[in-house]
Number of protein chains: 4
Amino acid sequence: MSGNTFGKNFRVTTFGESHGPGIGVVIDGVPAGLEMDETFLQAELDRRRPGQSRVTTQRNEADKAEILSGVFEGKTTGCPLAILIRNADQHSSDYSNVANLFRPGHADYTYQKKYGIRDYRGGGRSSGRETAARVAAGAVAKMFLKTKGIQVRACALNIGGVKAEKFLWGEVENNIVRSPDPEAAVKMTEVIQQAQLEHDSVGGVVLCEVLNVPAGLGEPAFDKLDAQLAHAMLSIGAVKGIEFGAGFAVAEMRGSENNDTITPDGFDSNNAGGILGGISNGDTIIFKAAVKPTPSIARQQNSIDLNGNPVTLEIKGRHDPCLVPRMVPVVEAMAALVLADNCL
Amino acid sequence: MSGNTFGKNFRVTTFGESHGPGIGVVIDGVPAGLEMDETFLQAELDRRRPGQSRVTTQRNEADKAEILSGVFEGKTTGCPLAILIRNADQHSSDYSNVANLFRPGHADYTYQKKYGIRDYRGGGRSSGRETAARVAAGAVAKMFLKTKGIQVRACALNIGGVKAEKFLWGEVENNIVRSPDPEAAVKMTEVIQQAQLEHDSVGGVVLCEVLNVPAGLGEPAFDKLDAQLAHAMLSIGAVKGIEFGAGFAVAEMRGSENNDTITPDGFDSNNAGGILGGISNGDTIIFKAAVKPTPSIARQQNSIDLNGNPVTLEIKGRHDPCLVPRMVPVVEAMAALVLADNCL
Amino acid sequence: MSGNTFGKNFRVTTFGESHGPGIGVVIDGVPAGLEMDETFLQAELDRRRPGQSRVTTQRNEADKAEILSGVFEGKTTGCPLAILIRNADQHSSDYSNVANLFRPGHADYTYQKKYGIRDYRGGGRSSGRETAARVAAGAVAKMFLKTKGIQVRACALNIGGVKAEKFLWGEVENNIVRSPDPEAAVKMTEVIQQAQLEHDSVGGVVLCEVLNVPAGLGEPAFDKLDAQLAHAMLSIGAVKGIEFGAGFAVAEMRGSENNDTITPDGFDSNNAGGILGGISNGDTIIFKAAVKPTPSIARQQNSIDLNGNPVTLEIKGRHDPCLVPRMVPVVEAMAALVLADNCL
Amino acid sequence: MSGNTFGKNFRVTTFGESHGPGIGVVIDGVPAGLEMDETFLQAELDRRRPGQSRVTTQRNEADKAEILSGVFEGKTTGCPLAILIRNADQHSSDYSNVANLFRPGHADYTYQKKYGIRDYRGGGRSSGRETAARVAAGAVAKMFLKTKGIQVRACALNIGGVKAEKFLWGEVENNIVRSPDPEAAVKMTEVIQQAQLEHDSVGGVVLCEVLNVPAGLGEPAFDKLDAQLAHAMLSIGAVKGIEFGAGFAVAEMRGSENNDTITPDGFDSNNAGGILGGISNGDTIIFKAAVKPTPSIARQQNSIDLNGNPVTLEIKGRHDPCLVPRMVPVVEAMAALVLADNCL
């Protein structure tokens, strides 16, 4: 199997490593005649880019997108759309110290076991940098979904145990943690800063909603819309779980509570998260994704080297102490890819 | 898209409706020379079969598997293996009362919206009966995995809020709720019976483990092993969430806690659930799947009919008041399919 | 890879061996609401069936199709449509003499090499009987294409060197060789009978046309419509070549001859065979498929046994001395599958 | 469907238009640890490049390959390998005269019908330039096949009716038409030059052989090795037919002639072209591909414009009067892709 392609109709293939010449994506299946909004594409990439604030990593990635194909006179042609993002930060000397070690919580160990060879610079292919290509593809998917009236949005629901209580979606991009609750945003920021002071990191939960989805999307039996979304979300390295609608809370619910009864005006509740039997029911699609704490921490950790000998290592350099804010656009991008795939 | 196929190498295509002539599966990619253990195949189907006890539905499904192809003189030939399970319970008169209504929590509404036509008898294709074909395929996958030493097992971790505290895997098949904790099993049974008395149902959580997985399975970037498992689990109609290892608890963990440090003897912990960067790390794969309460309840519920008019309906007949015990073999089957697919 | 599935949208998976319980097909992607014409389905199977005349094999295959799923009240539901054809002729004693030998021109040798095991009865999976499942699927594809006005037709263009000169399509089913030229049909029949008298067989060429194809079908770069059709035709065991429009004759044509110039009323010629740049151009799609002489001949032939020792073998029993007439519906079926796949 | 990906295991996705920023390919599934021979990669691209001689087009394409990902310290990493070839010749003014016209024999008309929009510069995506990306991918496939001892080679068998009679494979790259027969090469060159003088073009046939193929490659029923090769070859814009082994000549052969009898030392003949029942038999794979005359000719031709009005057009500029020599490496590349895909 070769797993660098996602989707069947809106088909995305990504490539690239953290410290190689660049990363990129080929999107096959973009309908012809779609207006290419390059400003929006760049803005989406900027949302994912680190180095925007105190609480995110200071590594400077320019992330300028170059469209290599598939667009003519400002419109898509129906031919594959390729986007290349050159890596600005390609000096590999920073990483020589981890060349022969396996960083805990990273894919170093498993890549070595699987491939017997590994581009150790910044994680290579397993670096979070790979998600930039997803965001670029997601931006194109969003342009397409916009023509259908479908909107994808996400936010930080929980960071280090601090939960958003209010859902002011207009506030999400106004604070550095992408919380929909400005008060929680302050506390979330404090939690992150405290972890950083302690050379540690925190995890969280991203909430994602898809609005204005028509009923009927998704393919039983195996390609249920929630199955596709779960696949998409768990394909993000930092994501460790997903739940739809009431999610794990169903374990303590009765059928009479959990069933979304139906009226001529729609459903009385949305415990299903907008999906019934794997098919969108016309209600908002709602899911949550668990994001693990950044594994890169500036602390001594036990590990082994390539020869299996015990070592202690400390990952030098500035690390993003919480991935949640930057995962918000990545989660949106992956959700947009799934929706676009199912609208075609 | 046509979503009735799962997997790339160990490729499963299912068909059939609850009240048609039968359901079945074609498995393409079974290696040649595998001994076909028909007794085991039938035993796995019997595990999923309803009507085994007081706390599961009394509908009598014989579920006799007939192998139509791909086996010669007791061994697989490398050609597609087709299995047919005839439906015994094919009299459709029971369902005429719901022909024009949408049962809350079921896929009736979404199938109607998607296809404009619907086999309303027992849910048709969206019936839980469809999972019998998965279990048949999963049984073959387990036979193959056995040759690799890989074992898949699952149990009821939580039913209606009652949690297993002990993990005596040998006990799982000794109680009707498939709990690894015999004491919890008693309470779980009570919770189910109480719900049934109240014409209601309860949800729960299935725990699944895959043992003896070699390091190196799974395909970055999009076909990470956890992404494939998430896809598989959310393709089960009753499953509403999945989490790997520490799962949603990562939201309140620090990186220093969550990272599984490495020693020459293996990992110090398994918060990753046996998967790093989407690739198996050699540790046990662990995940949990949330199972919703059975939507079929013998209570008055609000809904609408085909014309959009409000109705109240009550789903007559005996219903399984908790799906968790029967989902245990289904979860195992889907996990086995994913693992088999990645071992080829 | 597992190669028993064809198509992406109108997705066909076949199974079954010559002398197992049966053969069949699952079609995933049939649009909901299509009227299922079971009489037509059976008629198509009857067209492929051997034993219809002196010049075709006398083996009696009943080939009764049973629809197992996907149809409700006479219409397709959008769920996978499974069709099973039981094997009537399942007594395997006839084939014990070839169990340890490799018949020349058959797949015995290559199956043994690939799988290390082989259902030797009648060729098992590699038997021409497998094409019955294709014809069943093709019949459903034709029902769907009919709703689009698209018609697929084929005929015997050449049998044993005798070529059809007239193209009276209405005559094709009126003679046993399926020739569009009644006079040629007489000679073709003679050629076949002469070969049979000499315990030999003859090859030929099938001509296929697809009428009323809208412009725009086919997917560059790799899934050009002609590439898909070529894939489909060469997936038939007896087919050894395909050519579109002018075909191999282009080797001796000038560009000025071969180019189909365009007028407001359409193309001046059809050397392209209805496909330009892999996309249908609105003209009739025309291609020819070369069909090899039946490899089963009642003559002494040199071969080897499982241990590599030289043997001479003679394939007893009645064999079809020319496959062309029976390949006509198979070629049609495969063309119909490709077209249906591209119309979705 | 989105047709810009080829293969399942050695999975190639191409992008790019004739006059956009560049063309390229992502190869997913290249085994880790393969030595990347960039000199060979460039040499293969140079073989396809036009402008090498009098009888090929003079358009100057530098075709320098840049590897963007998947290679680390000279070896493949198992991650997707992306190759970009910038377009040197990007000035689009040359093509303004055909912006609103449909060139006969080109895909202009069908792209317009399919997509409603078209990059008319040099054919855009439908340009033969797209094959450079295939050759780049094929070069990597050849590097992989070399580790298995498998060799792919092709030559011009027929150009404008002149046929090669000798098969001196060592001579193929020593003459500008890539003929294995030096004497025929002289005549082939004359035929091409004569056509060019008359502002016309000629077609031909490419012969391809794959040596040292182990028995057992190919996947029945639908992904037979010949079906995959046919798909690959017909996906080349200029190819109009393919035949394996005896090919269309089987129409006039008897079974007793066509069957390749078997001896302890191998097959007595190779009418099958090295493939039986869709599986390689260990003999050399042999097939022929028909290549149409270049549709671009500097003559007045009838056509229509975007509004359906009749026009006459003449395609100015230098055109390659015969595509056969440049199709030789393209045919090799596609064959290498199929073989690599089946070796994984």
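Placed above this text is the structure.
Counting restarts for each chain: residues are numbered from 1 in the order of the written sequence. Chain A is the first chain written and ligand 1 is the first ligand written, with later ones labelled in order. Since the coordinates come from a predicted model, pLDDT governs what is reported: local features require at least 70, and pairs of side-chain atoms require 80 or more to be given and counted, while whole-chain, interface and lining totals use all residues. To obtain the side-chain values, all non-hydrogen atoms of the structure were included, while hydrogens and water were left out.

### Some details on the overall build of chain A
Scanning chain A from N- to C-terminus turns up seven helices and 18 strands. For chain A, whose C-alpha radius of gyration is 20 Å, the value lies close to the compact-globule estimate of 20 Å for 344 residues. Relative accessibility thresholds used throughout: buried, under 20% of the residue-type maximum; exposed, over 50%; partly exposed, between the two (1.4 Å probe, protein chains only). Expressed as a percentage of the 344 residues in chain A, the buried residues total 68%. The contact criterion used is simple: two residues touch if any of their non-hydrogen atoms lie within 4.5 Å. Put simply, 68% of the contacts in chain A that link residues at least 6 apart link residues at least 24 apart. In this tally Asp and Glu are treated as negative and Lys and Arg as positive; neither His nor the chain ends contributes. To locate a charge, the coordinates of NZ of Lys, CZ of Arg, CG of Asp or CD of Glu are taken. For chain A, the distance from the average site of its 35 positive side-chain charges to the average site of its 40 negative ones is 5 Å. Secondary structure elements follow DSSP: runs of H or I no shorter than four residues count as helices, runs of E no shorter than two count as strands, and numbering proceeds from the N terminus. Both definitions apply: the radius of gyration is a C-alpha atom measure, and the globule rule equals 2.2 Å times residues to the power 0.38.

### Concerning the interface of chain D and chain A
Each partner contributes residues to the interface: chain D has 44 residues there, and chain A has 44 residues. Each of two parts loses accessible area, computed with a 1.4 Å probe, when they are put together; buried area is these two losses added. Roughly 3300 Å² of surface becomes buried between chain D and chain A when both sides are summed, with 60% attributable to carbon and sulfur atoms. Counting the surface chain D buries against chain A, the share from its top three residues, Leu68, Phe72 and Ile117 of chain D, is 18%. What counts as a salt bridge is simple: a side-chain nitrogen of Lys or Arg found within 4 Å of a carboxyl oxygen of Asp or Glu. Counting across the interface, chain D meets chain A through two salt bridges. The salt bridge partner of Glu66 of chain D is Arg86 of chain A, with a shortest N-O separation of 2.7 Å. Each polar contact in these results corresponds to two N or O atoms within 3.5 Å; when the atoms are within protein, one needs to be able to donate a hydrogen and the other to accept it, and residues that are neighboring in sequence are counted only if both atoms are side-chain atoms. Summed over the shared surface of chain D and chain A, the number is eight residue pairs in polar contact (both at pLDDT 80 or more). Those elements that place two or more of their residues in the side of chain D that touches chain A are strand E2 (11-16), strand E3 (22-28), strand E4 (65-69), strand E6 (75-76), strand E7 (81-86) and helix H2 (108-115) of chain D. By residue number, the principal contributor to the side of chain D that touches chain A is E2 of chain D, which donates five residues. Residue composition of the side of chain D that touches chain A, by class: 16 nonpolar, 16 polar and twelve charged. Polar here means any residue outside two lists: the nonpolar Ala, Val, Leu, Ile, Met, Phe, Trp, Tyr, Cys and Pro, and the charged Asp, Glu, Lys and Arg; Gly therefore counts as polar.

### Overview of the packing of helix H5 (residues 225-234) of chain D against helix H7 (residues 324-343) of chain D
All names here are of chain D. The angle between two axes is taken between their N-to-C directions and runs from 0 to 180 degrees, where each axis is a line fitted to C-alpha atoms and a helix contributes only its stretch in contact. Relative orientation of the contacting elements H5 and H7 amounts to 145°, with a least axis distance of 9 Å. In this structure, H5 crosses over H7, and the sense of that crossing is right-handed. Across from Leu225, Gln228, Leu229, Ala232 and Met233 in H5, the residues of H7 making contact are Val331, Met334, Ala335, Val338, Leu339, Asp341 and Asn342. By definition, turning the near helix anticlockwise from the far helix through less than a right angle yields a left-handed crossing, and turning it clockwise yields a right-handed one.

### A word on the relation of the copies chain D and chain A
Least squares is the method for superposing the copies, and the C-alpha atoms it fits come from residues with pLDDT of at least 70 in both. By a simple turn and slide, chain D fits onto chain A: the slide is 0.0 Å along the axis, the RMSD is 0.0 Å, and the turn is 180°. In short, the pair behaves as if placed about a two-fold rotation axis. When the interface residues of chain D are mapped onto chain A, 100% of them are again interface residues, pointing to one common binding face.

### Looking at the interface of chain D and chain C
Where interface size is quoted, it is often the accessible area lost as the parts come together. The partner chain C presents 106 residues to the 106 residues of chain D that form the contact. A combined buried area of about 7900 Å² lies between chain D and chain C, and 61% of that area is made up of carbon and sulfur atoms. Our count for the chain D to chain C interface comes out at six salt bridges. The interface formed by chain D and chain C holds 52 residue pairs in polar contact (both at pLDDT 80 or more) in total. For the side of chain D that touches chain C, the class distribution of residues is 44 nonpolar, 40 polar and 22 charged. Any two strands are treated as partners once DSSP identifies two or more bridges connecting them. Here strand E11 (residues 239-244) of chain C pairs with strand E11 (residues 239-244) of chain D via three bridges, running antiparallel. Residue pairing for E11 of chain D: Gly241 of chain C is matched across the bridge by Glu243 of chain D.

### With respect to the arrangement of the chains
The two units chain A and chain C are non-contacting; their minimal C-alpha-C-alpha distance is 8 Å. One thing to see here is that chain B and chain D don't touch, and their nearest C-alpha atoms sit 8 Å from each other.

### Comments concerning the relation of the copies chain D and chain C
Both copies of the chain are related through a single rotation about an axis accompanied by a shift along the same axis. If you rotate chain D by 180° and push it 0.0 Å along the axis, it lands on chain C with an RMSD of 0.0 Å. Interface overlap between copies: 100% of the residues of chain D at the interface are likewise at the interface in chain C, consistent with a symmetric, same-surface contact.

### Notes on the packing of aromatic side chains
For any two aromatic rings, the description comes down to two numbers: the centre-to-centre distance and the angle of the planes. Two rings from Phe, Tyr or Trp (for Trp, the six-membered ring) form a pair when their centres sit within 6.5 Å of each other. Planes less than 30 degrees apart are called stacked, planes more than 60 degrees apart edge-to-face, and all others tilted. As enumerated under the stated definition, the model contains 30 aromatic pairs over all chains in all. Residues Phe72 of chain A and Tyr120 of chain D carry aromatic rings whose centres are separated by 5.3 Å and whose planes lie at 90° to one another, so their mutual orientation is edge-to-face. With one member in each of two chains, Phe72 of chain A in strand E5 (residues 71-72) and Tyr120 of chain D in the loop between H2 and helix H3 (131-146) form a pair that bridges those chains. Phe72 of chain A sits in the buried class, given a relative accessible area of 7%. Judged by its relative accessible area of 19%, Tyr120 of chain D falls in the buried class.

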